[in-house]
Every structure is written in C-alpha cells, then in structure tokens.
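# Structural overview for review
One-letter residues, chain by chain:
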Amino acid sequence: MDSPLPRIDTTLVDQGPFQAHGRLEVWLEADLLCYRATGPFNVEMVEVLGRALQRLDPLPPARYASLVWWQHSMLASPDTLAAYEALLKRRQHRPDLSPPVASLWLAGPEVEGVRLMRPHWAAVYAAAGWPLEFCDTDAQMRTRARELLTAAARGPET
C-alpha cells in the first residue's frame, strides 16, 4: 500500500491498466474533507479515487462535511455514475471513514454539463443514502457546512 498523504492528487496515484480521465485533489481542513474535481470522469477515475482515499491521513473527525469545487466538466457516463454509487454504498475505499454530515458542491455555469449532470449526481447520492446540496459560491458552501456541522453537534431536535 502507498504511504499516507495529507493532500492527494489522483494524477500521482497508480492508474491501473487503463488511464483514468479527470483529476481529483483531496485534502483535509479540520472538519472539512475538500475535493477539487476536474472532469470529465470515467470508471477508472472512480477506481483511482478509491485508491487515493486509502492514502488519506489524517482522517476527518467523526462529524465532517465534504466540499467539492468542480472545474471544467461534470460529465460522467452512466457506467461511471453507477461505479461511483457503488463506491459510496460499500465504502471499501475507507471503511473507517463514515459518510459526511453534509456533501456540498460548487459548480458554476462555466462547468461543462452542470445543468445536465446535477440531477444525475444528486440521484447517485440519494441512492447511496448520502446527503448532497449544491451551492452558488465558496462563501455560501463554507457557511452552509458550518451550519450543518453545528446542527449535527447539537444532535436531533426533540
């Protein structure tokens, strides 16, 4: 197994027999697990992401939010979406990494396929039982993460 890294770039992770399309950078900012996603993506990128997350160290705390900044393209084939859904469901990439309190994505109108792909990505998250919200600005995404993390720390309202 590769050594753990505080910041991971999928271009530096073993690609396997077929080249992954797209790029992901992953890093931790306290209780925020951050991703910079540059698509379009293929099934091989989902496999590389699984291997990349195995190298994440340190892990986020038990309650964390996942933030994704999309660049270039959100396009992914139906096979890629299915592979990503399976990755979320089985969490074999990191069984010790629980689902986030919130998954917040920022993808502006300049990102290829944003209007087409948002409902598809949302369906993947819903099918896996993971939360997903879309934000319009970086500030909105970070503020929403704080709100949801604070609410989670308080626990369920009675």
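Everything in this summary refers to the structure shown in the same document. (Residues numbered from 1 in each chain as written. Predicted model: local features only at pLDDT ≥ 70, side-chain atom pairs only at ≥ 80, totals over all residues. Heavy atoms only, no water.)

## Here we look at the pattern of salt bridges
What counts, and what does not: A side-chain nitrogen of Lys or Arg and a carboxyl oxygen of Asp or Glu constitute a salt bridge if their distance falls within 4 Å. Secondary structure elements are taken from DSSP: a helix is a run of H or I of four residues or more, a strand is a run of E of two residues or more, and numbering for both begins at the N terminus. Only protein chains enter the calculation, and the probe is 1.4 Å; a residue is then buried if its accessible area is under 20% of its type maximum, exposed if over 50%, and partly exposed in between.
Inspection of every chain in the model, using the stated rule, returns nine salt bridges. Residue E25 pairs with R7 through a salt bridge whose shortest N-O separation is 3.9 Å. A residue pair is termed long-range when its members are at least 10 positions apart, and E25 in strand 2 (residues 23–29) and R7 in strand 1 (residues 7–9) qualify at 18 residues. A relative accessible area of 42% means that R7 is categorised as partly exposed. A network of salt bridges, in which partner residues are shared, links R7, E25 and R36.

## Focus on unusual backbone geometry
Leave glycine aside and you will find that most residues have negative phi; peptide bonds, for their part, are mostly trans. Across the junction of G39 and P40, the peptide omega takes the value 15°, indicating a cis bond. Mapped onto the elements, P40 comes out in the loop between strand 3 (32–38) and helix 1 (43–53). A positive phi angle, close to 60°, is found at A30, a residue other than glycine. Of note, A30 is situated in the loop between strand 2 and strand 3.

## Things to note about the pairing of strand 3
In plain terms, the rule: Only strands joined by at least two bridges in the DSSP assignment are considered to pair.
Burial analysis of strand 3 places five of its seven residues in the buried class, which makes it a mostly covered element. Where strand 2 lies against strand 3, seven bridges are found, and the strand directions are antiparallel. Note on strand 3: the bridge partner recorded for E25 is R36. Hairpin connection of strand 2 to strand 3: two residues between the antiparallel strands, including A30 at a positive phi of 60°.

So yeah, pure geometry; function would need other evidence.
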